[in-house]
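So you can see what is in the structure, the chains are spelled out below.
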Amino acid sequence: MTTGTVPRVAVAMKGYPRLSETFIAQELLGLQQRGLAFEIWSLRHPTDGAKHLMHNQIMAPVRYLPEYLHDEPGRVTRAVFGALTQPGFRKLLALFLRDLARDRTRNRLRRFGQACVMARELPKDIRHLHVHYLHTPASVIRYAALLRGLSWSFSAHAKDIWTTPDWEKREKIADAAWGVTCTQDGFRELERLSDQPDKVELVYHGLDLTRFPPPAPRSGRDGSDAADPVRFVTIGRAVAKKGFDDLLESLARLPCILHWRLTHIGGGEMLATLKEKARSLGLDDKIVWAGPKAQDEVIAALRAADLFVLPSKQAGDGDRDGLPNVVMEAASQALPIVATDFAGIPEFVRHGVEGLLVQPGDIDGLAGVLGELACSPQQRGQLGYRALARLTGAFSAAAGLDGIASRLHASAEEKA
């Protein structure tokens, strides 16, 4: 954002900055480079100990809403009383009570309070609101927009699409000016609920390739040398939808004569459980649990690896991946990809072309393709360079960023 430019769009999200959400950081930086004047609103303070380089390059001001209303009672009280004087308060109250009747949770009350704070504190020159995620962050933005009489739009991704009830998605889509989502899988779901055929658009995140070095020369490792084992890498939060429990089971079924090592990058609520599972399977000395890493370290791990694996599946609560950015990041380094034929992954990875796919939960199948590629550096090289070609040919970030920036500019101008 140019120094001295007055922000005119507020971009909101659940937490900022987050190591696991490189796609959001990439979009914010891209919007800044395209001259959009914006500021960032976050429902939560950061919890990661590090940041990506992109976060340091994003110059927009960041504002934090009270994560819990009792943390800042004075700020919340002033905002709620201030809401009473806003022209949209009656409409907001009716909407909120209707939502509360269908979702009687403290979370719903929190979103109302956060929206009142945001509506009170938004600069007067903000003309449009945009939100990442269609679940709780969109509730805050929808309420705040109604209170202030502003338009709003959304970027829907994965969990927010698959764990939000239909009634709520349908009503949010109807109230929004427009929306985008990042996989064909998610697009079909939102299109089904949309009040207009062109309300939601499919826009892949893609990858800004200027942030990534050319691929490193690939090794000829074939798993036969205990001193130089084949190197697998996987990246993602330790949560159920990533399928890391299935990965451990599959690794335990690889032949004893195959020498391999796995590096996992990411934090997450299931990390301790996964480490214990690895110990119980006798894999502890073959796995490096690297924890969350900034992107330069992620790229270094990809460049050192021979194969990327991500066995995504649907979690018990319905949560599922979209098209994980880490899949495209692996392709940027010409790594072959082993993954599941699920969610948005097959929109990028075609079986036998850019990688090998198995069905979610197919532990024997996953072990089979891991073993196949571990022993075949030539096949890994062919798949990896096709993955790189697909990324550079069809999944560059520029086109999507151009479109989103144009729509945000237009939305802000309509209210100017």
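Each remark here, short or long, concerns the structure printed above.
The shown structure was predicted, so the numbers you read here are calculated from the model rather than taken from an experiment. (Residues numbered from 1 in each chain as written. Predicted model: local features only at pLDDT ≥ 70, side-chain atom pairs only at ≥ 80, totals over all residues. Heavy atoms only, no water.)

Asker: Where do I start with the pairing of strand β4 (residues 128–132) in this structure?
Answerer: Every regular strand shows the same layout, with side chains that alternate between the two sheet faces. The buried count for β4 comes to five of five residues, which makes it a mostly enclosed element. Of the two faces of β4, the one lined by His128, His130 and His132 and the one lined by Leu129 and Val131 are each fully buried. Bridge count for strand β1 (residues 9–15) against β4 is four bridges, and the pairing is parallel. Across the sheet, Ala10 pairs through a bridge with Leu129, a residue of β4. Bridge count between β4 and strand β5 (residues 151–156): five bridges; the pairing is parallel. When the sheet's bridge partners are listed, Leu129 is paired in β5 with Trp152. The parallel pair β4 and β5 is bridged by helix α6 (residues 136–148), and the resulting crossover is right-handed. (Buried < 20%, exposed > 50% of the residue type's maximum accessible area, 1.4 Å probe, protein only. Helix = DSSP H or I, 4+ residues; strand = E, 2+ residues; numbered from the N terminus. Pairing = 2+ DSSP bridges. Right-handed = clockwise from strand over helix to strand, strands pointing away.)

Asker: Can you walk me through the packing of aromatic side chains in this structure?
Answerer: Each pair of aromatic rings is reported with the distance of its centres and the angle of its planes. Enumeration over the complete set of coordinates arrives at six aromatic pairs. Centre to centre, the rings of Trp152 and Phe154 are 6.4 Å apart; their planes meet at 50°, and the pair counts as tilted. Each member of the pair, Trp152 together with Phe154, is buried. Counting every residue linked through ring pairs, the aromatic cluster contains Phe96, Phe112 and Tyr143. Taking NZ or CZ as reference, Lys286 lies 5.4 Å from the ring centre of Trp260, over its face. (Phe/Tyr/Trp six-rings, centres within 6.5 Å; stacked < 30°, edge-to-face > 60°. Lys NZ or Arg CZ within 6 Å of the ring centre and 35° of its normal.)

Asker: Whenever I open this one, the layout of surface pockets confuses me. Can you help?
Answerer: In this approach a probe as big as a water molecule rolls over the atoms, and the regions it shows empty are the leftover space. By volume, the second largest pocket amounts to about 230 Å³. What lines the second largest pocket is a set of 13 residues, and nearest its centre among them are Leu53, Met54, Gln57, Arg211 and Gln295. Those elements that provide at least two residues to the lining of the second largest pocket are α1 (22–33), α2 (53–57) and α12 (295–304). For the lining of the second largest pocket, the per-class residue count stands at five nonpolar, five polar and three charged. (1 Å grid on protein atoms, 1.4 Å probe; cavity = no way out; pocket = protein on both sides within 12 Å on 5 of 7 lines; lining within 4 Å. Points joined across faces, edges and corners; volume = space filled by probe spheres on them. Nonpolar A, V, L, I, M, F, W, Y, C, P; charged D, E, K, R; others polar.)

Asker: Please explain empty space enclosed by the protein as it appears in this structure.
Answerer: Counted by the stated rule, this structure contains four cavities of 30 Å³ or more. A volume near 120 Å³ is recorded for the largest cavity. Forming the boundary of the largest cavity are 16 residues, of which Glu27, Val203, Tyr204, His205 and Ile404 lie nearest the centre. Only α1, β5, β6 (178–181) and α16 (398–414) provide two or more residues apiece to the lining of the largest cavity. Split by residue class, the lining of the largest cavity holds nine nonpolar, six polar and one charged.

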